[in-house]
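Coordinates in review
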Amino acid sequence: MIEVLWHGRGGQGAFTAARLLGAAASLDDKRYALAFPSFGPERRGAPMRAFTKIDTVQIGDRSAVSKADFVIYLDGTLLAPDWERELKPGGICLVNTADASDDPRLLAIDADGLATELLGRPIPNTVFLGALAQLADCVDRESVEEAIRQYMPAKLHEANIKVVERAIALVQQAEVVGHEEAAAGESAGQPGAAAETVTGLHRSAHSSGAHMPQLFATVPEPSAYADTTCYAAGYLTQVNAGWRNVRPVLNADACTGCLQCYLYCPDGAIFKVSGQNKAGVSVDIDLDFCKGCGVCAAACKFDALSMAPETNAKEA
Amino acid sequence: MALNAKTLPDDEFFFGHKACAGCGGSLAVRAALKVLDPNAVAALPAGCMSAVGFNFPQLSFANNAMITPFAATASVLTGIEAGLRAQGIKPDDCTVVGFAGDGGTADIGLQALSGAIDRNDDVLYICYDNEAYMNTGIQKSSLTPFGAKTTTTPAGRNAHGCLTQKKNVFEIVAAHGIPYAATASVGYLPDFLRKLERARDIRGTRFIHVIAPCPTGWGCPEADMVDVARDIVDCGLWYLAEYEGPQLSGVPGGQFKLSRNPREFASVEAYLRRQGRFRALTNDEIAQVEAGRDAKWEQIRRDWTA
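Remember, it's a predicted structure, so these values are computed and weren't measured experimentally.

**A few points about the overall build of chain B**
On a plain count of helices and strands, chain B comes out with twelve helices and ten strands. A globule of 306 residues ought to have a C-alpha radius of gyration of about 19 Å, and chain B, at 19 Å, matches this closely. With the C-alpha coordinates of chain B rotated into their principal frame, the extents come out at 60 × 50 × 40 Å. Here chain B holds 306 residues, and the buried ones make up 57% of them. Long-range contacts, defined here as pairs at least 24 residues apart, represent 69% of the contacts in chain B between residues at least 6 apart.

Set out below in structure tokens:
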């Protein structure tokens, strides 16, 4: 069975791509396919997953894919240090990023760039459909294009077929380069260290004494709660930082301490600190829980807050 | 003491939740819990705020909070308040507060709300109104305004969105003779904070109806959420008002008060056109919305200003 695991954000079309891939594969009467998404009650912009399974016999296993032949990241910021855990031996991981990777198992494709050029919007899903048409044996250019014609609204056909063709060409190019590099020497891709454990909020040092939910490194064992319906209030186990493509950046010199950003932040991710200005108060941003909505920058009348792309901010 | 950004406590009782970026409802809940004391007990029916606040093991309320059956927000509030009192464990500064959406209030929970007001139970009911069933993917509720596109009132060749008018929940609640009711908007937080403080300090049933834009369902940029919540007040399609029942105001039948009486309205057309959900409206329909606004304000100004 060929298993494909799609990582994306709500709204990027991961499930659409998973379905189109299955549809393309099952155009051949000898193949069966299954596609389904997995997401919690989270919202637009939140990380979600989708799965495609393809086989020559009917597929009975409807459970989520934990190890895949192809793992696809529609958003490069979702790539975790332990990404290879989800990869079968010989599998390939495709990532939407403009930065090249040293690891031969990681194929970087600037899908946002390509989609923006051809569709006018950074919707990366069909780029990866094209990449798979080149990389996977069970689909090819014709079947992927036919799936687009059958399952997408007519007005999207032409542009997305163009996307697929360009993506195939991109991957062909990358494969040539990859073979040359593989011949030059073997890569020493070591598994990264396990994700570090979080023990407290970034801000707790600032607003000590504030009553608020705390972040814990350990997830409570469900069996420990089997005999109660009551759970600890304010118990956080996950940060929301992965939702963000832009982040607020504070220019402390321009901040007057009016605190409008603090007041209107829907997530409470902005907190008060002492400031050098006349008011004696300024703010700091809890980037562990900021979703990058930009309400704070819109609320700031003094241009002390601006939104910067996450990719640039990381380098700074 | 009037609460503002400087005097609001640093505590965050609704934090780490999974609401969409730029969610108006989560801002309403965050602001309300900051005003109420840590001893506030919250109850939430099915809706966005319960879906995003209780993601076991991620529990985003720092105070006591629980999920209620959809129709039973007000009944559960009644039960919590009575239970705490019967056990002798209700602190003096304990507000029993409910946060229900527009559907959970005006459609599904209206009967329970009416019952609680009838019994005058000591609870605070907050309706955060994002004008549709956003949690399940944008279906029309009875608080969806005329012309708004939802998945159950799609814009087509003949109809351009919701065909019905927004139900007047504030006046329905006031007609019960409730001790205190108010309308608010997350775009005017100081006004909302003041009303929360008032409601906190009044005994008996209190009701606040707060407009909370949903960028996902309204089709506007996330960063514009607060501005849209201001715009709806400025253009006159929402009003900021208070109602004090006979026991509080001493006036038979109670008394309405406008918190904000704009001398001039901002453009209704600009407010509607900035949102994707009103995209299909014709100029005639916009004129109709504007005429409806003028008629409503004529009545408000006649009856509510002393």
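**Observations regarding the overall build of chain A**
What chain A contains, in helices and strands, is eight helices and twelve strands. Out of the 316 residues belonging to chain A, those deemed buried represent 41%. If you take every contact in chain A between residues at least 6 apart in sequence, the share linking residues at least 24 apart comes to 59%.

**Looking at the nonpolar core**
Within the largest apolar cluster, 186 residues are counted, with the highest numbers of intra-cluster contacts made by Leu21 and Cys261 of chain A together with Val210 of chain B. Each of two domains, domain 1 (2-184) and domain 2 (214-315) of chain A, supplies a minimum of three residues to this core.

**A few points about the interface of chain B and chain A**
Listed per partner, the contact involves 39 residues of chain B and 43 residues of chain A. For the side of chain B that touches chain A, the elements supplying multiple residues, two or more each, are α1 (24-35), α2 (48-53), β3 (58-59), β4 (64-67) and α9 (225-234) of chain B.

**Observations concerning helix α5 (residues 110-119) of chain B**
Residue and element names in this part refer to chain B. Where α5 is concerned, the buried positions are Ala112, Leu113, Ala116 and Ile117. The buried side chains of α5 occupy one side of the element, clustering within an arc of 135° when seen end-on. Pointing more than 90 degrees away from the buried face of α5 are the exposed residues Gln111 and Asp118. At its buried positions, α5 is contacted by α3 (73-86), α4 (102-107), β6 (124-129) and α6 (169-174). Note on α5: the residue one or two positions beyond its end, Asn120, has a positive phi of about 55°.

**Remarks on the packing of α1 of chain B against helix α7 (residues 189-200) of chain B**
Residues and elements named next belong to chain B. The contact between α1 and α7 brings their axes to 9 Å, and the two run at 45°. Comparing their axes, α7 and α1 come out oblique. Classified by chirality, the crossing of α7 by α1 is right-handed. Where α1 abuts α7, its residues Ala31, Ala32 and Val35 lie against Leu189, Phe192, Leu193, Leu196, Glu197 and Arg200. In terms of residue class, the contact of α1 with α7 is made up of seven nonpolar, no polar and two charged.

**Considerations on the sheet that holds strand β3 (residues 47-55) of chain A**
Residues and elements named next belong to chain A. Spatial ordering of the open sheet is given by β2-β3-β1-β4-β5-β6, a layout of six strands whose pairing is mixed. Of all the strands in the sheet, the pair left with one neighbour each is β2 (32-38) and β6 (106-109). Mean inter-strand twist for the sheet, computed between neighbouring axes without regard to direction, equals 15°. In the packing of helix α1 (residues 14-25) onto the sheet, contacts are made with β1 (2-9), β2 and β3, and the angle to β3 comes to roughly 5°.

**With respect to the pairing of strand β5 (residues 96-101) of chain B**
All names here are of chain B. Among the six residues in β5, six count as buried, and that is most of the element. Because side chains alternate across β5, one face comprises the buried residues Val96, Gly98 and Ala100, and the other comprises Val97, Phe99 and Gly101, equally buried. With three bridges joining them, strand β1 (residues 41-44) and β5 adopt parallel strand pairing. Across the sheet, Val41 pairs through a bridge with Val96, a residue of β5. Bridge count for β5 against β6 is five bridges, and the pairing is parallel. Bridged to Phe99 within β6 is Ile126.

**A few points about the domain arrangement of chain A**
Taken domain by domain, chain A consists of domain 1 (2-184) and domain 2 (214-315). A per-class count over the side of domain 1 of chain A that touches domain 2 of chain A returns three nonpolar, two polar and no charged.

**Digging into unusual backbone geometry**
All names here are of chain B. The step from Phe56 to Pro57 runs through a cis peptide bond, and the omega angle for that step is 5°. Position of Pro57 relative to the elements: it lies in the loop between β2 (54-55) and β3. Its identity is not glycine, yet Asn120 carries a phi of approximately 55°, on the positive side. With respect to the element layout, Asn120 can be found in the loop between α5 and β6. For Asn120, a count of 16 C-beta atoms within 10 Å gives the class partly exposed.

**Side note on the sheet that holds strand β8 (residues 206-211) of chain B**
Residues and elements named next belong to chain B. With mixed pairing, the eight strands of this open sheet are ordered in space as β4-β1-β5-β6-β8-β7-β9-β10. This sheet does not close on itself; its edge strands, each paired only once, are β4 and β10 (255-258). Strand-to-strand twist in this sheet, taken as the mean axis angle between neighbours without regard to direction, amounts to 15°. In the packing of α1 onto the sheet, contacts are made with β5, β6 and β8, and the angle to β6 comes to roughly 155°. The sheet contacts of α7 involve β6, β7 (180-185), β8 and β9 (241-244), and relative to β7 the element is tilted by about 160°.

**Observations concerning the environment of Asp28 of chain A**
Residues and elements named next belong to chain A. By the element assignment, Asp28 lies in the loop between α1 and β2. Classification of Asp28 by C-beta neighbours within 10 Å gives partly exposed; the count is 15. Between the C-alpha atom of Asp28 and that of Cys293, which follows or precedes it by 265 residues, the distance is 44 Å.

**Side note on α1 of chain A**
All names here are of chain A. For α1, which comprises twelve residues, the first-to-last C-alpha distance of 17 Å matches the rise-based estimate of 16 Å (1.5 Å per residue) to within 8%. Counting buried residues along α1, twelve of its twelve residues qualify, which places the element largely inside the surrounding structure. Taken together, the buried positions of α1 are Ala14, Phe15, Thr16, Ala17, Ala18, Arg19, Leu20, Leu21, Gly22, Ala23, Ala24 and Ala25. For α1, the secondary structure elements touched by its buried residues are β1, β2, β3, α3 (125-135) and α4 (141-151).

Criteria and thresholds
Residues numbered from 1 in each chain as written. Chains lettered and ligands numbered in written order. Predicted model: local features only at pLDDT ≥ 70, side-chain atom pairs only at ≥ 80, totals over all residues. Helix = DSSP H or I, 4+ residues; strand = E, 2+ residues; numbered from the N terminus. Rg over C-alpha atoms; globule rule 2.2 N^0.38 Å. Buried ≥ 20, exposed ≤ 12 C-beta atoms within 10 Å, placed from the backbone. Contact = placed C-beta atoms within 7 Å. Core = buried A, V, L, I, M, F, W, Y, C linked by C-beta atoms within 7 Å. Domains from an automatic or database assignment. Arc of directions from axis to C-beta. Axes fitted to C-alpha atoms, helices over the stretch in contact; angles between N-to-C directions. Parallel < 35°, antiparallel > 145°, perpendicular 65-115°, else oblique. Left-handed = near helix turned anticlockwise from the far one by under 90°. Nonpolar A, V, L, I, M, F, W, Y, C, P; charged D, E, K, R; others polar. Pairing = 2+ DSSP bridges. Expected span 1.5 Å × (residues − 1).

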